[in-house]
Amino acid sequence: MSDDNTTRTRAVRAALGTDTQFGAVVPPIHLTSTFSFAGFGEKRAYDYSRSGNPPRDALAGALADLEGGAGAVVTGSGMAAVGLVTQLFRPGQVAVVPHDCYGGTYRLFNALRERGSLDVRFVDFQQPTALADALAERPGMVWIETPSNPWLRIVDIEAISALAHERGALVVVDNTFATPALQQPLALGADIVVHSTTKYLGGHSDVVGGFAATRDDELAERIGFLQNAA
């Protein structure tokens, strides 16, 4: 668990000082699809808003910092973040997913299983034997959701991550309900953290969004490539 006051301070100060042109305390919104080149063949930091723009990168940087990650990408919804992460894995790879995960997550993984995109095993993570049997299949991914939505069931991220890594799996944690103020899965061994920012990070259900943060630069680059390509 992180220091609450430190987390609050970091959240409040996110993106301050990024407007070097006018010094706006609140980072400005750039309402443009396309950015000009400085000259022929001289691309600036941004060229097209699907690939990135200043306020979106400021948000991604703040969220990555709060989760202690190497990088993050923001998406149009929490399920978009979930779907983005699934693209890291090859067809037929085993994915171990909790049977009590969020309904939208379950629906997506079940659809991927039915069409043969992933070999999904829905498992009760609170049953050690069932989890051990699933891990024996050497999955490509282990998905953790704790506290779960809506049952609020708790599992041990650190212990499951260690077991999953022994089998060569990537560990993804949906940290929507706890938020980085209360739980930082990357520090507990997870490789990727996803959120629906619509919920507790947004706070008011007045905006829909999501993000995925990664433990290392290589994963951040892979997810960033997929986010841009998709």
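Residues numbered from 1 in each chain as written. Predicted model: local features only at pLDDT ≥ 70, side-chain atom pairs only at ≥ 80, totals over all residues. Heavy atoms only, no water.

Draft legend 1. Seen up close, the environment of Pro139. Along the chain, Pro139 turns up in the loop between helix H5 (128–135) and strand E4 (141–145). We classify Pro139 as buried; its relative accessible area is 2%. Considered as a pair, Pro139 and Ala95 are 44 residues apart in the sequence and their alpha carbons are 5.5 Å apart. When neighbours within four sequence positions are excluded, Pro139 is seen to be in contact with Val94, Val96, Ala134, Arg167, Gly168 and Ala169. (Helix = DSSP H or I, 4+ residues; strand = E, 2+ residues; numbered from the N terminus. Buried < 20%, exposed > 50% of the residue type's maximum accessible area, 1.4 Å probe, protein only. Contact = heavy atoms within 4.5 Å.)

Draft legend 2. Structural detail: unusual backbone geometry. A cis geometry characterises the amide bond from Thr146 onward to Pro147, with omega recorded as -5°. Note that the residue after Asn149, namely Pro150, is joined by a cis bond; omega there is 10°.

Draft legend 3. Main features of the sheet that holds strand E2 (residues 94–98). Reading across the sheet, the 7 strands line up as E1-E7-E6-E5-E4-E2-E3 and stay open at both edges, with mixed pairing between neighbours. Two strands bound the open sheet, and with one partner strand each, they are strand E1 (71–75) and strand E3 (119–123). The mean angle between the axes of side-by-side strands here comes to 20°, regardless of whether they run parallel or antiparallel. Bridge count between E4 and strand E5 (residues 170–174): 5 bridges; the pairing is parallel. Counted as the bridge partner of Glu145 is Asp174 from E5. Where helix H3 (residues 78–86) meets the sheet, it contacts E1, E4, E5, strand E6 (192–196) and strand E7 (210–214), and its direction lies at approximately 155° from that of E6. Across the face of the sheet, helix H4 (residues 103–114) comes into contact with E2, E3 and E4 while running at roughly 140° to E3. (Pairing = 2+ DSSP bridges. Axes fitted to C-alpha atoms, helices over the stretch in contact; angles between N-to-C directions.)

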